[in-house]
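One-letter residues, chain by chain:
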Amino acid sequence: MRFLLDPEQRAFAASLDALLTAAGTPAVVREWSRGDHTSGRALWSRVAEAGVFALAVPEAYEGLGPRPVELAVAFVELGRHAVPGPLVETITAAVLLKGAGPGIAKRLLPGLASGETIATVAPEGAHALDGDAAALRLSWMPDGIRLSPGHGPVRPSLDPARRLTPLTPGGEVLDTATDQALAWARLATAAQTLGIGLALLDRTVAYVKQRNQFGVPVGSFQAVRHRLADAKIALEFARPLVFGAALTMRPADVAAAKVAACEAAYATARTALQLHGAIGYTAEYDLSLWLTKARALRTAWGDPVECRALVVSAAGDRRW
């Protein structure tokens, strides 16, 4: 099945692509990795002005949503440009808070929609992404969420731009439904990872056209073309699953999309690393900004084993 974006959605994607291209995101990512959030917060504000975070916030709280398809469109572009920060977590926080009662929602959701507030979410006892940059920190408990009053020291991560911090215990407990929030988190992660895979593929195709061996571009070798073709096919098969899941928002559909997108991006990252050779291993080369993110997001918000189990369970429950 083919899922074609309408003209408005394509224009939205193009406008985000232009915005993020002009922002020079590799430099922003490197500053964010060092703990300097100045340029990252400026970029966050521009992304919010484009309406990205408002897509998960209902209109009653100054948002534009819920609009999961447009959110997937946006997160593909955010992934393609390796935008740093707790992007998925802010969307997840918005979905959690809209079920926490009108008082809490009215107090906290407008700030998320406008970009004034950066949020992070983590299961209770786990490390949260970018807790040092977030003003709103949520501990996800089995029976609701807790507004954490602070965070601990930053811990190292596989992806330097994903700065992990423990959340401080205590804080106000909010009774809210959490079932929809996980689906939104996985959808945003799947779309972001799809964009990362597409960026890795584009950069690798451009590189093998320039790199020469035995007097010819390495991209002319059949073995190289086969590797790139396999990566392209995997990503293109993941794309309709991501947008199909955005249409249904069924947990099993979203889990299938996350597996497909994350595995395709991870395989593309391995191909990109091999075809770049030694330069691909250097942190100074921009390719690393996407390589590490593809690996980190593969297990974020549900690893492949967990997501596959959900898909298999849902398939077994269906009556044919």
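Only a predicted model underlies this, so the values are computations on that prediction, with no experimental measurement involved.

## Comments concerning the overall build of the protein chain
- On a plain count of helices and strands, the protein chain comes out with 11 helices and 8 strands.
- Along the first, second and third principal axes, the C-alpha set of the protein chain runs to 70 × 55 × 40 Å.
- By the burial criterion, 54% of the 320 residues in the protein chain qualify as buried.
- Within the protein chain, residue pairs in contact and separated by at least 24 positions form 71% of the contacts whose partners lie at least 6 positions apart.
- As displayed, the protein chain offers around 14300 Å² of accessible surface, 56% of which is attributable to carbon and sulfur atoms.
- Across the protein chain, the mean location of the 33 positive side-chain charges is 6 Å away from that of the 30 negative side-chain charges.

## Some thoughts on the packing of helix α8 (residues 222–248) against helix α9 (residues 251–276)
- Remark: α8 packs on α9, axes separated minimally by 8 Å, with the N-to-C direction vectors making an angle of 160°. By the criterion of interaxial angle, the relationship of α8 to α9 is roughly antiparallel. When the axes of α8 and α9 are compared, the crossing they make is left-handed.

## Topic: unusual backbone geometry
- At the junction of Gly65 and Pro66, the peptide bond is cis and its omega measures out at 5° in the coordinates.
- Turning to its location among the elements, Pro66 is positioned in the loop between α3 (38–49) and α4 (68–80).
- Non-glycine residue Glu62 carries a positive phi angle of around 70°.
- Relative to the assigned elements, Glu62 resides in the loop between α3 and α4.
- Judged by its relative accessible area of 61%, Glu62 falls in the exposed class.
- Non-glycine residue Asp130 carries a positive phi angle of around 55°.
- Note on placement: Asp130 falls in the loop between β2 (127–129) and β3 (136–141).

## A word on the packing of α4 against α8
- Across the interface, α4 lies against α8 with an axial gap of 8 Å and an inter-helix angle of 150°. When the axis of α4 is compared with that of α8, the two are roughly antiparallel. Judged by residue contacts, Pro68, Val69, Ala72, Val73 and Val76 of α4 engage Val242, Phe243, Ala246 and Leu247 from α8.
- When its residues are assigned to classes, the contact of α4 with α8 shows 9 nonpolar, no polar and no charged.

## Concerning the nonpolar core
- Within the largest apolar cluster, 95 residues are counted, with the highest numbers of intra-cluster contacts made by Val52, Phe75, Leu97, Leu138, Leu200 and Val242.
- Examining the composition of this core, we find that 15 residues originate from one element, helix α7 (residues 179–210), more than from any other.
- Beyond its immediate chain neighbours, meaning those up to four positions away, Leu97 contacts Ile104, Ala105, Leu108, Leu109, Leu112, Leu136, Leu138, Ile145 and Leu174.

Here is what the cut-offs are and how they apply
Residues numbered from 1 in each chain as written. Predicted model: local features only at pLDDT ≥ 70, side-chain atom pairs only at ≥ 80, totals over all residues. Heavy atoms only, no water. Helix = DSSP H or I, 4+ residues; strand = E, 2+ residues; numbered from the N terminus. Buried < 20%, exposed > 50% of the residue type's maximum accessible area, 1.4 Å probe, protein only. Contact = heavy atoms within 4.5 Å. Areas by Shrake-Rupley, 256 points an atom, 1.4 Å probe, with all protein chains shown as cover. Lys, Arg positive; Asp, Glu negative; His and termini not counted. Charge placed at Lys NZ, Arg CZ, Asp CG, Glu CD. Axes fitted to C-alpha atoms, helices over the stretch in contact; angles between N-to-C directions. Parallel < 35°, antiparallel > 145°, perpendicular 65-115°, else oblique. Left-handed = near helix turned anticlockwise from the far one by under 90°. Nonpolar A, V, L, I, M, F, W, Y, C, P; charged D, E, K, R; others polar. Core = buried A, V, L, I, M, F, W, Y, C linked by side-chain atoms within 4.5 Å.

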